[in-house]
Structure formats: C-alpha cells, structure tokens
Amino acid sequence: MNHKFLLRGLSLALVLLAPVLAAAPARIALFTIGGEADPSPEIRAAAASWADRLAVDIYPSGSSPADLASAALIVLDASADLTPAAQSALAAARAAQVRVLTANAKPPATSDPTLDAYFATPSTENFRRLLAHLATRVLTVGPPAGVATAAAALAPVVYPVQAIYHPAAPAPGFFPDLAAYEAWYRDKHPGDDSPPSIGISFHRSFFLRENVTPIDALIRATEARGARAVTLMSHGA
C-alpha cells in the first residue's frame, strides 16, 4: 500500500515538474539598426509564433546589453551602431564561444549571404522566416508544434518596388503588375468586365508590417458599391 502511494506521489510530482523540466527556449540576441528604420516591431511580431522555441532579445542601435554569453546565437546587423557596452558584451560572448552571424557586412564576404537576403526587405514575414531559418537550420531546435520543418524554413519574400495589392490575393499577398491583377479579377468576377475603377495608393511599409486593416476596409467598401479597387502598393507612395 505504501508503495502505491509513493508511486502516485512520484507521478504527480513529474506532472507538476514537467513545465520546469522542459527545455527552455533557445536565446537569440539580435542587433539591429535604430531610428525610424528600426525593425524591432516587425521582429517582435515575428517572434510571437516562435515563443515556445526561441527567446529573442532585440538590441537596436544604442542599446547596452549587460550579458550575451548566455545566448545560443547572436545575429548582428553590421549597419547597427554598437555602444562601448555592446561591443564589450559582444567580445565576451565571442570569447565564450557563442556563435555570431553577421548580416550587411562590408566587405560582403564577411556576411552570411542567407541572412543578407532576409534583411534586404525587413518585413514581419521575412523576419518570421529568418527566425524559422535560425531555429531549424542553425540551432536545430525544431519548428513550433504542428509546423513541418520544411514549411517553417522558407526563403525570404522578395518585394517589388511597386505592386497591386488586394486582401484576397494569393501568396505572397500581391500581384506583380496590373495585368496579373486584372487576369485574377476576371477569373473571380466572370461577366463583370467593365466595372468602374477606383485607384487607391498606399506606402509599402503598411504591408511589410502587416498593418493593412484600414486598406482592406477601404477596398471592401469600394467593392461593396459596385466598383473595382485598383490598389497600388509602392515603396515611394
């Protein structure tokens, strides 16, 4: 009888300790540029889906991290301005054999070409794919639950300077030109060949940050009134 109680007690203890015993998320320290181009919001949004696998610490230009030696990996955007404290912490991490990957380095030969591609257009989706690449190909911690490794580590999205946007567009979420959009529209709206067209223009940064809710509402409202919304997404809009 006492043995049964003991076994039950051990089983209960293991259940209660399971979250503690589970492997902690791998820590990634990511140094980025600061100012208006600071991609921290996009990185935070991208990291949310990897919270059970990765702990992502973001250090924009001017940050002063106290300790980097406990990181599993450091990703350094060479365009970032490092404070003396950051330089000291980075040197200590290198001495502790923490792996450091560099993007946007000059000369380019010192950069990781794979990282350069993700940083070329710093969108939420590209940072999501960057973290997937780091988790599955560099740290080998595996993707989040329910996501296949091959599906997690995707190549970065290449965004055109200009494109036609529509909330129902197939991946990657836009059309490369007006002809592609019109072909898609005719397929979705057979027999509706000449609706009045309303032009809409917005800056590409809204799309890159996945902040297109007001644009989507405007397009839907336009279509609800029987018109066709031709929406230009532009880097210089």
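Before reading on, note that the structure itself is shown above.
Residue numbers run consecutively from 1 along every chain, following the written order of its sequence. Local features in this predicted model are restricted to residues of pLDDT 70 or higher, and side-chain atom pairs are both shown and tallied only at a pLDDT of 80 or more, whereas totals for entire chains, interfaces and linings draw on every residue. Calculation of side-chain values draws on the structure's entire complement of heavy atoms; hydrogens and water are dropped beforehand.

Peer 1: Sorry, what's going on with the pattern of salt bridges here?
Peer 2: Opposite charge on two side chains permits them to pair, given that their charged atoms come into close proximity. What counts as a salt bridge is simple: a side-chain nitrogen of Lys or Arg found within 4 Å of a carboxyl oxygen of Asp or Glu. According to the stated counting rule, one finds eight salt bridges in the structure shown. Here glutamate 42 and arginine 209 are joined by a salt bridge, their closest N and O atoms 2.8 Å apart. Of this pair, glutamate 42 sits in helix H2 (residues 40–47) while arginine 209 is found in the loop between helix H8 (204–208) and helix H9 (213–224), placing the two residues 167 residues apart along the sequence. Between glutamate 223 and arginine 220 there is a salt bridge whose closest N-O contact spans 3.6 Å. With glutamate 223 and arginine 220 both in helix H9 and three residues apart, the pair spans about one turn of that helix. Buried, partly exposed and exposed residues are distinguished by accessible area as a fraction of the type maximum, computed with a 1.4 Å probe on protein chains only: under 20%, between the cut-offs, and over 50%, respectively. The class of glutamate 223 is partly exposed, set by a relative accessible area of 22%. Helix numbers and strand numbers start at the N terminus; a helix is a DSSP run of H or I with at least 4 residues, a strand a run of E with at least 2.

Peer 1: I'm lost on the environment of phenylalanine 174 in this one. Help?
Peer 2: As for its position among the elements, phenylalanine 174 is in strand E6 (residues 174–175). Looking at phenylalanine 174, the relative accessible area reads 9%, which means it is buried. Distance in space between the C-alpha atoms of phenylalanine 174 and leucine 232 is 9.7 Å, their sequence separation being 58 residues. Between two residues, a contact is recorded if the distance between any of their heavy atoms is within 4.5 Å. The residues contacting phenylalanine 174, other than those within four sequence positions of it, are Val158, Tyr159, Pro160, Ala163, Ile164, Tyr165, Ala169, Phe207 and Met233.

Peer 1: Is there a simple way to think about the sheet that holds strand E1 (residues 26–32) in this case?
Peer 2: Any two strands between which DSSP finds at least two bridges are classified as paired. Taking strand neighbours across the sheet as the criterion, the four strands line up as E2-E1-E3-E4 in an open arrangement whose pairing is parallel. Two strands lie at the open edges of the sheet, namely strand E2 (54–60) and strand E4 (99–103), each paired on one side alone. Sheet twist, expressed as the average angle between the axes of neighbouring strands with direction ignored, equals 20 degrees. The pairing of E1 with strand E3 (residues 73–77) spans four bridges and is classified as parallel. Looking at E3, one finds that phenylalanine 31 is bridged to leucine 76. Contacting E1, E3 and E4, helix H3 (residues 84–95) runs over the sheet at an angle of about 140 degrees to E3. Against the sheet, helix H4 (residues 113–120) engages E1, E3 and E4, with an angle of about 55 degrees to E4. Axis definition: a line fitted to C-alpha atoms, limited for helices to the stretch in contact. Angles are taken between N-to-C directions and run from 0 to 180 degrees.

Peer 1: I would appreciate a short explanation of the layout of surface pockets in the present structure.
Peer 2: The method is simple in principle: a probe with the dimensions of a water molecule rolls over the atoms, and the space it marks as empty is what remains. With a 1 Å grid spanning the protein atoms alone, the term cavity applies to any set of points in which a 1.4 Å probe fits but cannot get out, the term pocket to an open set with protein on both sides within 12 Å along at least five of seven lines, and the term lining residue to any residue with an atom within 4 Å of a point. Grid points are joined across faces, edges and corners, and a volume is the space filled by probe spheres set on the points. When its volume is computed, the largest pocket comes out at roughly 370 Å³. If you trace the largest pocket, you find 20 residues lining it, with Ala37, Pro39, Glu42, Pro122 and Leu208 closest to the centre. Of all elements in the fold, only H4 and H8 reach the threshold of two or more residues within the lining of the largest pocket. Considering every element that reaches the lining of the largest pocket, the biggest residue donor is H8, with three residues. We call Asp, Glu, Lys and Arg charged. Ala, Val, Leu, Ile, Met, Phe, Trp, Tyr, Cys and Pro are nonpolar, and the rest, Gly among them, are polar. Residues belonging to the lining of the largest pocket are distributed by class as follows: eight nonpolar, six polar and six charged. Of the pockets and cavities examined, the second largest pocket occupies roughly 180 Å³. Along the walls of the second largest pocket sit Ser123, Thr124, Glu125, Arg129, Val157, Tyr159, Pro172, Gly173, Phe207, Leu208, Glu210 and Val212, which together make up its complete lining. Elements with a minimum of two residues in the lining of the second largest pocket: helix H5 (124–138) and H8. No other element matches H5, which puts three residues into the lining of the second largest pocket. In terms of residue class, the lining of the second largest pocket is made up of six nonpolar, three polar and three charged.

Peer 1: I keep staring at the packing of aromatic side chains and nothing clicks. Help me out?
Peer 2: Any aromatic ring pair is given by two values, namely how distant the centres are and how the planes are angled relative to each other. By convention, a stacked pair of Phe, Tyr or Trp rings (six-membered ring in the case of Trp) has centres within 6.5 Å and planes under 30 degrees apart, an edge-to-face pair has planes over 60 apart, and any other such pair is tilted. Applying the stated criterion across every chain, the model contains eleven aromatic pairs. Measuring from ring centre to ring centre gives 6.0 Å for tyrosine 181 and tyrosine 185, while their planes differ by 45 degrees; the resulting arrangement is tilted. Placement of both tyrosine 181 and tyrosine 185 in helix H7 (residues 178–188) is noted, with a separation of four residues, approximately one turn of the helix. One exposure class covers both tyrosine 181 and tyrosine 185, and it is buried. Among the aromatic residues, ring-to-ring pairing joins Tyr159, Tyr165, Phe174, Phe202 and Phe207 into one connected group.

Peer 1: How do you make sense of unusual backbone geometry when you look at a structure like this?
Peer 2: The bulk of non-glycine residues show a negative phi, and the bulk of peptide bonds are trans. Of the consecutive residues alanine 171 and proline 172, the connecting peptide bond is found in the cis state with omega at 15 degrees. Following the sequence through the fold, proline 172 ends up in the loop between strand E5 (162–165) and E6. Here the phi dihedral of threonine 140 falls at roughly 50 degrees; this positive angle occurs in a residue that is not glycine. Inspection of the secondary structure puts threonine 140 in the loop between H5 and helix H6 (149–152). In the Ramachandran plot, glutamate 210 falls in the positive-phi region, its phi being about 55 degrees despite a non-glycine side chain. Its location among the elements puts glutamate 210 in the loop between H8 and H9. Judged by relative accessible area, glutamate 210 falls into the partly exposed class, the value being 45%.

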